[in-house]
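# Commentary on secondary and tertiary structure
The primary structure of each chain is shown beneath.
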There are 2 protein chains.
Amino acid sequence: MATRQNTLRAKTNDGAEAKRKAARRPRAKADGSPPIDRRELILAVATRRFAEYGFEATTVRQIADDVDILSGSLYHHFATKEEILEEIVRDAILQSRDDAQRIAELPLDAEQRFVALLMTELHRLTESQEVYAIAFNERKFFRRSEYFSYLSKAKKDAYEAWSAVLSDGVREGLFHPELDIYLTISTVIRMLNAGADWYKNEDGSQIDAIANYSLDKLLDFYLGYVLRAIRAPTRAGEAIPHPTIEL
Amino acid sequence: MATRQNTLRAKTNDGAEAKRKAARRPRAKADGSPPIDRRELILAVATRRFAEYGFEATTVRQIADDVDILSGSLYHHFATKEEILEEIVRDAILQSRDDAQRIAELPLDAEQRFVALLMTELHRLTESQEVYAIAFNERKFFRRSEYFSYLSKAKKDAYEAWSAVLSDGVREGLFHPELDIYLTISTVIRMLNAGADWYKNEDGSQIDAIANYSLDKLLDFYLGYVLRAIRAPTRAGEAIPHPTIEL
DNA sequence: GTCTATAAAGAGATAGAC
DNA sequence: GTCTATCTCTTTATAGAC
């Protein structure tokens, strides 16, 4: 495995984007058959496996079994197991970064932008929870691999956007003057990931008290939780907004 | 792999506790040589590996290399790779449960007990961060394995203790009357795990803003964060306690 | 696009000499 | 308690027939 990882590390990722575009576009089908091609199916089952068992613990055979082909046939669609992983998480991570950067630039006050960041992130997280869980759980793997470094970079850029919004809020007097921005963001991001994980996988744990939660209720919970924690003391009494998730 | 897992699943864990006691007690050494025996060394390097790369991604050969013996020799000390994992996380998980149950019974008001729970957990987490990170990251693995079910059970018991304290707080009027206990606990537990991970592994991420945080500051941060979120609205103005971690 | 067949390496684990 | 040697199975990945 070490050998193969080194090979990957040496690989460059330049020009990969163009190649991907061509490879991923589902061929226009003239007939009325479902648009899900083989490649998409493989990605779907791999996503489930990676989310549940982790990338390294999942074997290509398991993936192949799930789509009822032999493991060797997978390599007609993907060059390596790593490429499957990349295909799964790439768009989600880049999109999440784009969201954050776009929202950070909106002509709104810092708290409104922060609420928008939180809403959007939670929306994406629950919409594609498995994908984001993989992106989160394999973060150390990405960090070790040069091939995946652009994903770590994208995550960093998203962090910078969140950071700018929080800084603005402190400057504007909306947030606590001694707010620890770094701790706040890392805490919130991980809280949302964990929350979405729990939301989508309900009874994964042995804990019994499983009530019925709507996504809006989850949003309310986190919003109240976070805003009460970061607002300036003078604003302690202000109401917590209750937006509904609807992008 | 599936084969081996099935074998494990079939195994029972009864009477293992007594066996462990004998096996783990470091032999009394008459000479003045360091008390760290081979077995402890193996556990130490395995802990580092499991925390960094995950249990399944770590090979017994890597562990053996780290202690400069051959992989086969590991099996003089441990019957299986799983046994190494168990040895690493068992005491921490059981101790954490014992802590929680003991604190939940203390003759203090609910907020004081909650603060104690939080302090103690954070203390343990930072003291043995790698161990707790493994326990947390491999939770799905534990849940799938009958052999490890007693660990999932212990975690559930700890949850019940936290839950009792929060319920008391709601009943006593100290905490928000509509506090969602389940969400709060799972959020706080994961937040602490993530925080301790970050605290011990500082620049694991690409994010640059690494200041110097003391453990007490970290505790302050989380305590303020959580208490502001869960306290009854009428208590919004009350000061956040600033205990120092010193068990 | 999938199959058969297989290579090449690595995995966890064991037996017995020392 | 470690080594030598090895077993057995699994892993990722490839080559070429269909």
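In what follows, the structure referred to is the one given above.
Described in the following lines is the structure provided in the data block. Bear in mind the structure is a predicted one, so any value in this text is a computation, not a measurement.

### Some details on the overall build of chain A
When helices and strands are counted, chain A shows 12 helices and zero strands. The order of helices and strands in chain A, counted from the N terminus, is α-α-α-α-α-α-α-α-α-α-α-α. Residues classed as buried in chain A amount to 51% of the 247 residues present. A total accessible area of about 12000 Å² is found for chain A, and carbon and sulfur atoms account for 51% of it.

### Remarks on the side chain of Asp157(A)
Residues and elements named next belong to chain A. Within the element layout of this structure, Asp 157 appears in helix α10 (residues 149-171). Overall, Asp 157 belongs to the buried group, its relative accessible area being 17%. Excluding its chain neighbours within four sequence positions, the residues that come into contact with Asp 157 are Arg 97 and Gln 101.

### Topic: the relation of the copies chain B and chain A
When chain B is fitted to chain A, the best match, at an RMSD of 0.1 Å, comes from turning it 180° and sliding it 0.0 Å along the axis. On the angle and the small slide along the axis, the relation comes out as a two-fold axis. Comparing interface residues between copies, 98% of those in chain B also lie at the interface in chain A; the contact surface is shared.

### Comments concerning the interface of chain B and chain A
In this assembly, 43 residues from chain B lie in contact with 42 residues from chain A. Our count for the chain B to chain A interface comes out at six salt bridges. Residues Glu52(B) and Arg144(A) are paired through a salt bridge, measuring 3.5 Å at the closest nitrogen-oxygen approach. Between the two partners, chain B and chain A, sit six residue pairs in polar contact (both at pLDDT 80 or more). Broken down by secondary-structure element, the contributors of at least two residues to the side of chain B that touches chain A are α3 (38-53), α9 (139-144), α10 (149-171), α11 (181-200) and α12 (215-230) of chain B. At 10 residues, α11(B) tops the list of elements feeding residues into the side of chain B that touches chain A. The residue makeup of the side of chain B that touches chain A, split by class, is 21 nonpolar, six polar and 16 charged.

Calculation rules
- Residues numbered from 1 in each chain as written.
- Chains lettered and ligands numbered in written order.
- Predicted model: local features only at pLDDT ≥ 70, side-chain atom pairs only at ≥ 80, totals over all residues.
- Heavy atoms only, no water.
- Helix = DSSP H or I, 4+ residues; strand = E, 2+ residues; numbered from the N terminus.
- Buried < 20%, exposed > 50% of the residue type's maximum accessible area, 1.4 Å probe, protein only.
- Areas by Shrake-Rupley, 256 points an atom, 1.4 Å probe, with all protein chains shown as cover.
- Contact = heavy atoms within 4.5 Å.
- Least-squares fit on C-alpha atoms with pLDDT ≥ 70 in both.
- Salt bridge = Lys/Arg side-chain N within 4 Å of Asp/Glu carboxyl O.
- Polar contact = N/O pair within 3.5 Å; in protein donor to acceptor, adjacent residues only side chain to side chain.
- Nonpolar A, V, L, I, M, F, W, Y, C, P; charged D, E, K, R; others polar.

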